[in-house]
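Breakdown of the fold
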Amino acid sequence: MKSDPIRVLVVNDHQLERRGVVTLLNTFNDLTVVGVARTGVQALKLCEELKPQVVLMDLLMPDMDGATATQLVHERYPHMHVIVLTNWDEYELVQRALTVGAERYLVKNFSALQLASAIREVEAGQPPVSLPPTDFGADLTAREIEVLILVAQGLTNGEIGVALIISRATVKYYVSNILGKMGAASRTEAVGLAVKHGLITMPEDK
């Protein structure tokens, strides 16, 4: 007998991000979006009304942060699973959310498969994850993260320069900085460390 789809609530105050997450989820037959919320307060109300199995919680929202909302969901509905969606520089909020009841975190350049896998894992009862003990990579700038993402996609320095509209020499400078800050001996090692510590995700076709 085929089981019912996993019921998912999407919580995010940015319309484009909400739509993007819903679009990713709609590609899977075993997942169904039962509602979307723009704020933490609205999320709590919809948890009561819609009884989702998994809540995808953004961390930065206007009325309350996602960690606080996660704590309230966990206290009121302990059987619901919370996955927080984060930018790479929200380490402290992610850590607090995991401490108060979130079971997974996904950095916002996640793929559809990574999102679906995280939802299936928590619903299947797999153990919660934890952050690395230190804020690894916190000293990387936003531009260095952009370069690192393109390195992970296999682009050369020249191709990265074209994509970011900067010179090849500037790309080389950024890559050198990235390797130094991460203590990596090569581009491949830097990408591996970044994926391991949740700074970036690998492209879906890798």
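These remarks concern the structure in this document. (Residues numbered from 1 in each chain as written. Predicted model: local features only at pLDDT ≥ 70, side-chain atom pairs only at ≥ 80, totals over all residues. Heavy atoms only, no water.)

1. Structural notes on the layout of surface pockets
For the largest pocket, the calculated volume is near 320 Å³. Around the largest pocket, the lining is made up of 16 residues, and of these Arg104, Tyr105, Leu106, Val195 and Thr201 lie nearest the centre. Tallied by class, residues from the lining of the largest pocket come to 8 nonpolar, 5 polar and 3 charged. (1 Å grid on protein atoms, 1.4 Å probe; cavity = no way out; pocket = protein on both sides within 12 Å on 5 of 7 lines; lining within 4 Å. Points joined across faces, edges and corners; volume = space filled by probe spheres on them. Nonpolar A, V, L, I, M, F, W, Y, C, P; charged D, E, K, R; others polar.)

2. A few points about the side chain of Asn12
Secondary-structure assignment places Asn12 in the loop between β1 (6-11) and α1 (15-25). In terms of polar contacts, Asn12 uses its side chain to reach the backbone amide nitrogen of His14, at 2.7 Å. Among the polar contacts made by the side chain of Asn12, one reaches the side chain of Glu17 at a distance of 2.8 Å. (Helix = DSSP H or I, 4+ residues; strand = E, 2+ residues; numbered from the N terminus. Polar contact = N/O pair within 3.5 Å; in protein donor to acceptor, adjacent residues only side chain to side chain.)

3. Overview of the packing of α1 against helix α5 (residues 112-123)
Viewed as axis vectors pointing N to C, α1 and α5 meet at an angle of 75°, and their least axial separation amounts to 9 Å. Taken together, the axis directions place α1 and α5 in an arrangement best described as roughly perpendicular. Of the residues in α5, those in contact with Val21, Leu24 and Leu25 of α1 are Ala112, Leu115 and Ile119. Along the lines of polarity and charge, the residues of the contact of α1 with α5 split into 6 nonpolar, no polar and no charged. (Axes fitted to C-alpha atoms, helices over the stretch in contact; angles between N-to-C directions. Parallel < 35°, antiparallel > 145°, perpendicular 65-115°, else oblique. Contact = heavy atoms within 4.5 Å.)

4. So, the pattern of salt bridges
All chains considered together, the criterion is met by 6 salt bridges. One salt bridge in this structure joins Arg120 and Asp30, with 2.8 Å as the shortest N-O distance. Of this pair, Arg120 sits in helix α5 while Asp30 sits in the loop between α1 and β2 (31-37); the two residues are 90 residues apart in sequence, bridging distant segments of the chain. Assessed through its relative accessible area of 30%, Asp30 is described here as partly exposed. The shortest N-O distance in the salt bridge between Asp65 and Arg96 comes to 2.8 Å. One end of the pair, Asp65, is in the loop between β3 (54-58) and α3 (66-76); the other, Arg96, is in helix α4 (residues 91-99), and 31 residues separate them in sequence. Overall, the relative accessible area of 22% leaves Asp65 in the partly exposed class. (Salt bridge = Lys/Arg side-chain N within 4 Å of Asp/Glu carboxyl O. Buried < 20%, exposed > 50% of the residue type's maximum accessible area, 1.4 Å probe, protein only.)

5. Structural notes on empty space enclosed by the protein
Here the structure, examined in full by the defined rule, presents 1 cavity of 30 Å³ or more. Of the pockets and cavities examined, the largest cavity occupies roughly 40 Å³. Taken together, Leu148, Val151, Val175, Ile178, Leu179, Arg187 and Ala190 make up the full set of residues lining the largest cavity. Mapped by element, the contributors of at least two residues to the lining of the largest cavity are α6 (142-152), α8 (168-182) and α9 (187-196). Top element by residues in the lining of the largest cavity is α8. It accounts for 3 residues. Looking at the lining of the largest cavity, its residues break down into 6 nonpolar, no polar and 1 charged.

6. Considerations on the pairing of β2
In regular strands, side chains alternate between the two faces of the sheet. Direction of pairing for β1 relative to β2: parallel, over a ladder of 6 bridges. Looking at the pairing, Leu9 lines up with Gly35 of β2. On the question of chirality, the crossover connecting β1 to the parallel β2 by way of α1 is right-handed. (Pairing = 2+ DSSP bridges. Right-handed = clockwise from strand over helix to strand, strands pointing away.)

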